[in-house]
Amino acid sequence: MTFQKTITWCFASLIILFSSCTKNFEKYNTDPYNPTEDNLTNSEVLGILFPTLISTMHFAQENRSQMNDQMVGGQYGGYFTTTNNWSGTNYGTLNPSLDWVETPFKDIMVDFNSNYVKIKRVTQSTGYIYAWANIIRVAAMLRVVDTYGPIPYTQIGELTTDNVPFDDVKTIYYKMFEELNSSITALNNFNTESKNSTTHPMATYDVVYNGDFSKWIKFANSLKMRMAMRISAVDAEFAKTNFLEAVASGAIETNADNAYIPTQDNPYYKASVSWGDLAINATLSAYMNGYADPRRAKYMTTINRGVRMGIANINKTNYSSASYSKPAFTASSPLLVFNASETAFLKAEAALLGWIAGGDTQARTFYESGITLSMSQNAVTIGTYLTSTANPAQYTDPSLSRANISVPNPISVSWTNFGTTTNTKREKIITQKWLANYPYGYEAWSDYRRTGFPQIFPALDNLSSTSFIGSVSNTYGRLVRRLPYPQSQYRSNSTNVMAAVSLLGGDDAASTDLWWAKKN
């Protein structure tokens, strides 16, 4: 009887054990080190997407950086010159290859939107996570719309097809302002509810501000100021309203709030030192040498001689020598997205436009503040820079005399020297803003197309007539105005691309001005 009771108890125990295991089968048989989406919180599911979103504001990945920030924005913005021949097709000689022109569209649009659509779906387009994503969206997509013109934007994530219609540039800008305003409100509400805590679940994934959404709000307002000034010549009242709203709300005004993306393998360092594909642009070296700029050692290696953009059949071995300057980055140098000096220069230009009271006197104050902030950001002593009446230096190439060139209408740093016209003062502001924003080339290229400043040296050899991008006016104040649409879009989304071309107001060519670059 004792034996029978023991067997009965064991059998019952086995039934209970197996039924319990079956009931909790998934719990006990899920690998805790490889969780599925169902095992994660919304913050965890979406948080892991944000490093990729953030990367599209200024690429740290070496190939994406080279094909976007170095070849296009950095080169057309006057900061860098690419020294690899690449079989004779180059952005610098104004004849990039067909597939290269695809990359800014493909890299930023695909990298960002493939993750953004998921965030939009999971958050149902509400809440602080969605608001944060939209601020990054504006910063990243601004690079694309300012490169091509009309792009798919307002209906991204709204349609079930990949063939999304393109929006005109004005519509996109208006939508971006709307998204920034909504995001600022949402993050302000979140900060109030969380008492400005930076220990929320998403902080882990924020490599820029470590979860401090008060700084993201300042960044959003700074973007509003950047965008408002971009469209100031074509939509003045709307631009002024948004600019002043951003100023009142609070933008990036101290270097402690500057937006950087950290790196451990800086792509400019890799391209210049490891590959020998990148040098300082001759324009940048001419200005900084002439001004005896204290930031030279922070920007370029000690020779302080750049390379002319657009040398046909360039041999990178010649320009990898110690006779030419390379970017002075280290492997761990962070990547700039927005700094306080830009805010000051934007205010200086706004004062010239009459948006901010004080006129010329206030413009000068902001102008000199922008320079001072940049010197502090780069940890150099400003000395007598603000009163310098020196002009940009002549550029001399020791191995190619036909590359020698000088700035045709030189200007100095001093606010009161060399001309009192509004246009001269605007050139001073944009030139110093250009120097302070190094190496963020997309903004420099946009300012150049908007204002014609600084006076970037034309390509030494203009091969655009042999290129599919169309003939480019290789003169001061013009150069490349945009990139043509990718051929892949013509193949897969032809109806919408053709509609986009009609919105351009010109041919799908590099010589067609974007909406905000057309002067009234």
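Our subject is the structure that appears above.
Summarised in this report is the structure supplied together with it. (Residues numbered from 1 in each chain as written. Predicted model: local features only at pLDDT ≥ 70, side-chain atom pairs only at ≥ 80, totals over all residues. Heavy atoms only, no water.)

## Thoughts on the side chain of Ser464
Along the chain, the position of Ser464 falls in the loop between α18 (441-451) and α19 (487-492). Among the polar contacts made by the side chain of Ser464, one reaches the side chain of Asn462 at a distance of 2.7 Å. Leave out the neighbours within four places in its chain, and Ser464 touches Thr93, Leu94, Gly470, Ser471 and Val472. (Helix = DSSP H or I, 4+ residues; strand = E, 2+ residues; numbered from the N terminus. Polar contact = N/O pair within 3.5 Å; in protein donor to acceptor, adjacent residues only side chain to side chain. Contact = heavy atoms within 4.5 Å.)

## Description of the packing of helix α5 (residues 62-76) against α18
At a minimum axis distance of 7 Å, the contact between α5 and α18 shows a crossing angle of 35 degrees. Of the two possible hands of crossing, α5 and α18 adopt the one that is left-handed. When α5 is examined against α18, the residues Asn68, Asp69, Val72, Gly73, Gly74 and Tyr76 are found in contact with a partner set consisting of Gly441, Tyr442 and Trp445. Tallied by class, residues from the contact of α5 with α18 come to four nonpolar, four polar and one charged. (Axes fitted to C-alpha atoms, helices over the stretch in contact; angles between N-to-C directions. Left-handed = near helix turned anticlockwise from the far one by under 90°. Nonpolar A, V, L, I, M, F, W, Y, C, P; charged D, E, K, R; others polar.)

## Observations regarding the environment of Tyr324
With respect to the helices, strands and loops of the structure, Tyr324 is situated in the loop between α14 (316-319) and β4 (335-338). Between the C-alpha atoms of Tyr324 and Ser341, which are 17 residues apart in sequence, the distance is 28 Å. Among all residues touching Tyr324, those that are not within four sequence positions of it are Thr301, Ile303, Arg305, Gly306, Val307, Asn318, Tyr319, Tyr395, Asp397, Pro398 and Ser399. Engagement of the side chain of Tyr324 in a polar contact is seen with the side chain of Asp397, the distance being 2.5 Å.

## Observations regarding the packing of aromatic side chains
Two descriptors summarise a pair of aromatic rings, namely the distance from one centre to the other and the angle between the planes of the rings. For the structure shown, the criterion picks out 37 aromatic pairs. Ring centres of Phe50 and Trp132 lie 3.9 Å apart, and the angle between their planes is 10 degrees; this geometry places the pair in the stacked category. With a gap of 82 residues between them, Phe50 in helix α4 (residues 50-55) and Trp132 in helix α7 (residues 127-148) connect regions that are remote in the sequence. For Phe50, a relative accessible area of 0% puts it in the buried group. Residue classification places Trp132 among the buried residues on the basis of a relative accessible area of 0%. Consider the rings of Phe177 and Phe238, whose centres lie 5.3 Å apart with planes at 80 degrees: the pair is edge-to-face. Of this pair, Phe177 sits in helix α8 (residues 169-194) while Phe238 sits in helix α10 (residues 236-249), placing them 61 residues apart in sequence. By relative accessible area, Phe177 is classed as buried at 1%. Following the ring pairs from residue to residue traces out a cluster consisting of Tyr79, Phe80, Tyr268, Tyr287, Tyr291, Tyr299, Phe329, Tyr385, Trp434 and Tyr438. Just above the ring of Tyr153 sits the side chain of Arg137; from NZ or CZ to the centre is 3.7 Å. (Phe/Tyr/Trp six-rings, centres within 6.5 Å; stacked < 30°, edge-to-face > 60°. Buried < 20%, exposed > 50% of the residue type's maximum accessible area, 1.4 Å probe, protein only. Lys NZ or Arg CZ within 6 Å of the ring centre and 35° of its normal.)

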